[in-house]
Protein chains: 2
Amino acid sequence: MTYETIAAAYVDTWNAAAAAERDALLASHWDADASYVDPIMSGSGRDGIAAMIAIARAKFPGHSFALDGKADGHGDHVRFSWVLAPDGGATVARGTDFVRVGADGRIVDVVGFLDKMPG
Amino acid sequence: MTYETIAAAYVDTWNAAAAAERDALLASHWDADASYVDPIMSGSGRDGIAAMIAIARAKFPGHSFALDGKADGHGDHVRFSWVLAPDGGATVARGTDFVRVGADGRIVDVVGFLDKMPG
């Protein structure tokens, strides 16, 4: 696993439209006890994070997340920025996430910050 | 404590030229078991962090740290960016730090990332 592949797996998880696909990505790339917190949402465990992502996605139909720039990291810490936008449309939100991964490369915890709040 | 005052105390600690001043700031604003890690340095406990800062400062005589923009945060998580520059001179390094604070507002751990590596 590289920091780039961890960031890519993270964005893929948020972009998974089907629950089964999301669950498979969570099982592959996130620790069973993973936690997530940002200024407006939080979730714990794969099921909690799956539910949180489903709720967030329902608020932004037709939108998807993309990495903004490159991920970087050191040790078990990864940092990357992202944007949320509708297909071909202007960015509606952007943020920077700080991720800690376990020895197996799975995401253990995420602390997210918003650089542009969803309107 | 606000996120801004935590960030200010953090930068003050890095800028303290005298060991006694640095130790006083660490005692006031950092947890006894605080930890710090970035891509090139790490330190644990107030003494370990004091020693790490002293070594870093010795590499950049006449330089000081300043906040770059505003700190933000949510819950016990704080984020801010900084620049390192000589008095009146060009920035030699910049970074973004992610800080977790305890219930008493003291800094518990810091994960730093470099946005511009010291040359």
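All values reported here derive from a predicted model rather than from experimental measurement.

Quick question: what am I supposed to make of the pairing of strand E6 (residues 107–116) of chain A here?
Residues and elements named next belong to chain A. With eight of ten residues buried, E6 is to be regarded as a mostly interior element. Bridging between strand E1 (residues 30–37) and E6 involves four bridges; their strand directions are parallel. Its bridge partner being in E6, Tyr36 is matched across the sheet by Val110. When strand E5 (residues 93–101) meets E6, the two strands line up antiparallel, connected through eight bridges. Paired with Arg94 across the two strands is Lys116, which belongs to E6. The hairpin formed by E5 and E6 contains five residues between the paired strands, and Gly105 there has a positive phi angle of roughly 85°.

Sorry if this is basic, but what is going on with the interface of chain B and chain A here?
Bring the parts together and some accessible area is lost; that lost area is often taken as the interface size. Every contact between the two is made by 16 residues of chain B and, on the other side, 16 residues of chain A. Considering only the surface of chain B that becomes buried against chain A, His74, Arg79 and Phe113 of chain B emerge as the three largest contributors, covering 52% of it. Taken together, chain B and chain A are joined by two salt bridges. The partner of Arg79 of chain B in a salt bridge is Asp115 of chain A, and the shortest N-O contact between them spans 2.7 Å. If you look at where chain B meets chain A, you find four residue pairs in polar contact (both at pLDDT 80 or more). At the level of elements, strand E3 (63–74), strand E4 (77–86), strand E5 (93–101) and strand E6 (107–116) of chain B are the ones that each hand at least two residues to the side of chain B that touches chain A. Here the side of chain B that touches chain A gets five residues from one element, more than from any other, and that element is E6 of chain B. Its residues assigned to classes, the side of chain B that touches chain A shows seven nonpolar, five polar and four charged.

Would you explain the environment of Ile49 of chain A in this entry?
All names here are of chain A. Of note, Ile49 is situated in helix H3 (residues 45–59). Owing to a relative accessible area of 0%, Ile49 belongs among the buried residues under this scheme. The spatial distance from the C-alpha of Ile49 to the C-alpha of Asp115 is 21 Å, given a sequence separation of 66 residues. When sequence neighbours within four positions are dropped, the list of residues in contact with Ile49 reads Leu26, Trp30, Ala34, Ser35, Tyr36, Gly43 and Ser44.

How should the packing of helix H1 (residues 3–15) of chain A against H3 of chain A be read in this particular structure?
Geometry of a packed helix pair, given as the angle between the helix axes and the separation of the axes. All names here are of chain A. At a closest axis distance of 9 Å, the pairing of H1 and H3 adopts a crossing angle of 65°. The segment H1 lies against H3, with Thr13, Trp14 and Asn15 engaging Met52, Ile53, Ala56 and Arg57. Here the contact of H1 with H3 is composed, by residue class, of four nonpolar, two polar and one charged.

Quick question: what am I supposed to make of the relation of the copies chain B and chain A here?
Note on the chain copies: they are related by a rotation about an axis and a translation along it. When chain B is fitted to chain A, the residual RMSD is 0.0 Å, and the transformation amounts to a turn of 180° plus an axial shift of 0.0 Å. Between the two chains, the operation in question is that of a two-fold axis. When C-alpha positions in chain B are compared against the rotation axis, the closest is assigned to Phe98 of chain B, at 4.0 Å. The overlap is high: 100% of the interface residues of chain B also sit at the interface in chain A, so the same surface is used on both sides.

It is not clear to me how the pairing of strand E3 (residues 63–74) of chain A should be interpreted in this structure. Could you clarify?
Regular strands place their side chains on alternate faces of the sheet. Residue and element names in this part refer to chain A. As paired elements, E3 and strand E4 (residues 77–86) share nine bridges and run antiparallel to each other. Residue pairing for E4: His74 is matched across the bridge by His77. The loop that links E3 with its antiparallel partner E4 comprises two residues; one of these, Gly75, has a positive phi angle of about 55°.

Explain the layout of surface pockets to me, please; I cannot follow it from the model alone.
To find leftover empty space, one rolls a probe the size of a water molecule over the atoms. Estimates place the volume of the largest pocket at around 290 Å³. Considering the residues around the largest pocket, the lining is formed by 16 residues, among which Asp109 and Val111 of chain A together with His77, Asp109 and Val111 of chain B are closest to the centre. Taken together, the residues of the lining of the largest pocket sort by class into ten nonpolar, two polar and four charged.

Help me understand the environment of Gly89 of chain B in this model?
Assignment of secondary structure puts Gly89 of chain B in the loop between E4 and E5. Considered as a pair, Gly89 of chain B and His63 of chain B are 26 residues apart in the sequence and their alpha carbons are 8.9 Å apart.

Where do I start with empty space enclosed by the protein in this structure?
Residues and elements named next belong to chain A. Per the counting criterion, the structure on display carries one cavity of 30 Å³ or more. Space inside the largest cavity adds up to approximately 40 Å³. At the level of elements, H3 and E3 are the ones that each hand at least two residues to the lining of the largest cavity. A class-by-class count of the residues in the lining of the largest cavity yields four nonpolar, one polar and one charged.

Each value, and the rule that gives it
- Residues numbered from 1 in each chain as written.
- Chains lettered and ligands numbered in written order.
- Predicted model: local features only at pLDDT ≥ 70, side-chain atom pairs only at ≥ 80, totals over all residues.
- Heavy atoms only, no water.
- Buried < 20%, exposed > 50% of the residue type's maximum accessible area, 1.4 Å probe, protein only.
- Helix = DSSP H or I, 4+ residues; strand = E, 2+ residues; numbered from the N terminus.
- Pairing = 2+ DSSP bridges.
- Contact = heavy atoms within 4.5 Å.
- Buried area = accessible area lost by both parts, 1.4 Å probe.
- Salt bridge = Lys/Arg side-chain N within 4 Å of Asp/Glu carboxyl O.
- Polar contact = N/O pair within 3.5 Å; in protein donor to acceptor, adjacent residues only side chain to side chain.
- Nonpolar A, V, L, I, M, F, W, Y, C, P; charged D, E, K, R; others polar.
- Axes fitted to C-alpha atoms, helices over the stretch in contact; angles between N-to-C directions.
- Least-squares fit on C-alpha atoms with pLDDT ≥ 70 in both.
- 1 Å grid on protein atoms, 1.4 Å probe; cavity = no way out; pocket = protein on both sides within 12 Å on 5 of 7 lines; lining within 4 Å.
- Points joined across faces, edges and corners; volume = space filled by probe spheres on them.

That's the geometry; what it means functionally is another story.
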